[in-house]
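# Structural overview for review
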Amino acid sequence: MSALSSLQRPLINRSSLHRRFPLSPPPPPPADRLCLRPPNPHHGRRLEIRALDAAQPFDLESRFSDRFQKSSKLKIAIIGFGNFGQFLAKTLIPQGHTILAYSRSDYSDVAASLGASFFSDADDLCEEHPEVILLCTSILSTEKVLRSLPFQRLKRSTLFVDVLSVKEFPRSLLMQMLPLDFDILCTHPMFGPESGKDGWNKLPFVYEKVRIGTDESRVSRCEKFLDIFAKEGCRMVEMSCADHDRHAAGTQFITHTMGRILEKLKLESTPINTKGYETLLDLVENTSSDSFDLYYGLFMYNKNALEELERLDLAFESLKKELFGQLHDILRKQLFGKAEGSEGSESLESQNN
């Protein structure tokens, strides 16, 4: 019996054995049979799907795409939500950017219809910490508007962008008035609500990176803003503010001047319009839709404009002299042609005799 009892095997406590030697979890089921179940409170691990092509709302691919889309968008405050500010907002908002509008006039209904938030108080606007301050004010009111902004409520690295039709003036103003921490980008979309109403493709967009911080985030923010116009097909032209004003005086200012002159002539369409005349009518329409303050700003704040105006005046006087000189010769021949001819023949006869 003692030998038999010694051969008997001791009873095994399975619960204690499981605690000392835990069983490995079973292999996961095949992908085509994978299903979600509430987590088992007795297990320490939760089942989680990380498939890129899954259609579930937690699909990693959609997460990454959404995160990228958000990172490429900007919060932009448009200062001056008049005609041009609204014109830009109609493109910025469909691109997914958040627009905060601020203006002296009440454009809250217009802003709401476009999908923008309207602010009538500059302090409230700046406390929203926009990444970009987009100045869409008139040239004449820019300095006054800048002085009214509470810079201390903005983030110290805020990017300031102007879209004025002259460039040396706002560049100098922003450099003087803004704290050194703020970035500055001077731009000029060389189109407006009339010329850009059918799209911005191939229309010129001039810019100068006046002061952009070297941090990767600040460089990226500047590129994101420029990409707004590049995506619309604009012809991106990087140019100094001085060069812009020199070229613009001979193009934009002269164009507006000729349009204003023709407007004073009160040109009207006729049943026999030529293509050239239609072009003049279009010029009048495009330039007259802009305020006189804009035209005056082009003259007052571009040091090259006066020279172009003087050249235009000299060219007109030269053209008149050429016309009247030709007319004088014709009239002289008509009035004195026969007399001068007879006097010439008499002188020849006297010489022969």
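It should be emphasised that the depicted structure is a prediction, and the values quoted were computed from it without experimental measurement. Position numbers for residues count from 1 along each chain, tracking the sequence in the order it is written. Local features in this predicted model are restricted to residues whose pLDDT is 70 or higher, and side-chain atom pairs enter the listing and the counts only when it is 80 or higher, whereas totals over whole chains, interfaces and linings include all residues. Computation of side-chain values: all heavy atoms of the structure, hydrogens and water removed.

## A look at the confidence of the model for the protein
In this model, the protein carries an average pLDDT of 86, and 75% of its residues clear a pLDDT of 70 or more. The predictor reports its confidence for every residue as pLDDT, a score running from 0 up to 100. Between two residues, a contact is recorded if the distance between any of their heavy atoms is within 4.5 Å. Predicted confidence for residues 3-7 stays below pLDDT 50, and this span has 0 contacts to residues more than four positions away or in other chains.

## Thoughts on the pairing of strand S8 (residues 235-238)
Strand pairing requires that DSSP identify at least two bridges connecting the strands. Starting at the N terminus, helices and strands are each numbered in turn, a helix being any DSSP run of H or I of at least four residues and a strand any DSSP run of E of at least two. Pairing of strand S7 (residues 204-211) with S8 involves 4 bridges; the strand directions are parallel. Counted as the bridge partner of Phe205 is Met236 from S8. Handedness of a crossover is defined as follows: orient the strands so they point away from the viewer, and if the path from the first strand over the helix to the second runs clockwise, the crossover is right-handed. Viewed along the sheet, the connection from S7 through helix H9 (residues 216-231) into S8 turns out right-handed.

## Some thoughts on the side chain of Asn304
Within the secondary structure layout, Asn304 lies in the loop between helix H12 (292-300) and helix H13 (305-352). In the analysis that follows, any N or O atom pair within 3.5 Å is treated as a polar contact, provided that within protein one partner can donate a hydrogen and the other can accept it, and provided that, for residues neighboring in sequence, both atoms belong to side chains. At 3.0 Å, the side chain of Asn304 forms a polar contact with the side chain of Asn302.

## Observations regarding the packing of helix H10 (residues 241-264) against helix H11 (residues 275-288)
Direction vectors running N to C along H10 and H11 enclose 105°, while the axes themselves pass 8 Å from each other. With respect to H11, the element H10 is oriented roughly perpendicular. Along the contact surface, H10 presents Thr255, His256, Met258, Gly259, Arg260, Leu262 and Glu263, while H11 presents Leu280, Leu283, Val284, Thr287 and Ser288. Taken together, the residues that form the contact of H10 with H11 break down as 5 nonpolar, 5 polar and 2 charged. Helix axes are fitted to C-alpha atoms over the stretch in contact, other axes to C-alpha atoms as well, and angles between N-to-C directions run from 0 to 180 degrees. What sets the label is the angle itself: under 35 degrees gives roughly parallel, over 145 gives roughly antiparallel, 65 to 115 gives roughly perpendicular, and the rest give oblique. Each residue is assigned to one of three groups, with Ala, Val, Leu, Ile, Met, Phe, Trp, Tyr, Cys and Pro labelled nonpolar, Asp, Glu, Lys and Arg labelled charged, and all others, Gly among them, labelled polar.

## Thoughts on the packing of H10 against H12
The N-to-C vectors of H10 and H12 enclose an angle of 135°; their axes lie 10 Å apart at closest approach. By the angle class used here, H10 and H12 are oblique. The way H10 lies across H12 gives a crossing that is left-handed. Contact residues: H10 offers Gln252, Phe253, His256, Thr257 and Arg260, while H12 offers Phe292, Leu294, Tyr295, Leu298 and Phe299. By residue class, the composition of the contact of H10 with H12 is 6 nonpolar, 3 polar and 1 charged. With the far helix as reference, a near helix turned anticlockwise by less than a right angle produces a left-handed crossing, and one turned clockwise produces a right-handed crossing.

## Regarding a nonpolar patch on the surface
Candidate patch residues must exceed 30% relative accessible area and have no salt bridge, after which like charges are joined if within 9 Å and Val, Leu, Ile, Met, Phe, Trp or Tyr side chains if within 5 Å. Every accessible area reported is derived by Shrake-Rupley at a probe size of 1.4 Å, with residue values counting cover from the shown protein chains alone. We count a salt bridge whenever a side-chain nitrogen from Lys or Arg sits within 4 Å of a carboxyl oxygen from Asp or Glu. Taken together, Phe316, Leu319, Leu323, Phe324, Leu327, Leu331, Leu335 and Phe336 make up a surface patch of nonpolar side chains, about 830 Å² in accessible area. Tracing the backbone through its elements, the reader meets Leu331 in helix H13. Taking the relative accessible area as the measure of exposure, Leu331 reaches 39% and is therefore partly exposed. Classification of residues uses two cut-offs on accessible area relative to the type maximum, computed with a 1.4 Å probe and protein chains only: under 20% is buried, over 50% is exposed, and between them is partly exposed.

## Notes on the packing of aromatic side chains
Aromatic pairing here means that ring centres of Phe, Tyr or Trp (its six-membered ring) are within 6.5 Å. Orientation follows from the plane angle: under 30 degrees is stacked, over 60 is edge-to-face, and everything else is tilted. Taken as a whole and assessed by the stated rule, the structure comprises 16 aromatic pairs. Aromatic side chains Phe151 and Phe160 sit 5.9 Å apart centroid to centroid with 80° between the ring planes, which places their arrangement in the edge-to-face category. Taking relative accessible area as the criterion, Phe151 reaches 15% and is therefore assigned buried. For the pair Phe292 and Tyr295, a centre-to-centre distance of 5.8 Å together with 65° between the ring planes defines the contact as edge-to-face. Taken together, the residues Phe292 and Tyr295, both in helix H12 and 3 residues apart, mark about one turn of the helix. Residue class for Tyr295 comes out buried when judged on its relative accessible area of 14%.

## Some words on the environment of Pro130
Assignment of secondary structure puts Pro130 in the loop between helix H6 (122-126) and strand S4 (132-135). Take Pro130: its relative accessible area is 1%, and that puts it in the buried class. Discounting chain neighbours no more than four positions away, the residues touching Pro130 are Lys75, Ala77, Leu100, Leu125, Leu154 and Thr158.

## Topic: the side chain of Lys73
In this structure, Lys73 sits in the loop between helix H3 (60-71) and strand S1 (75-79). Salt bridges are absent for the buried Lys73, whose nearest opposite-charge side chain, Asp227, sits at 7.6 Å. Separated by 2.6 Å, the side chain of Lys73 and the backbone oxygen of Gln95 make a polar contact. Not counting chain neighbours up to four residues away, the residues in contact with Lys73 comprise Gln95, Gly96, His97, Glu131 and Lys231. His is not counted, nor are the chain ends; Lys and Arg add positive charge and Asp and Glu add negative charge.

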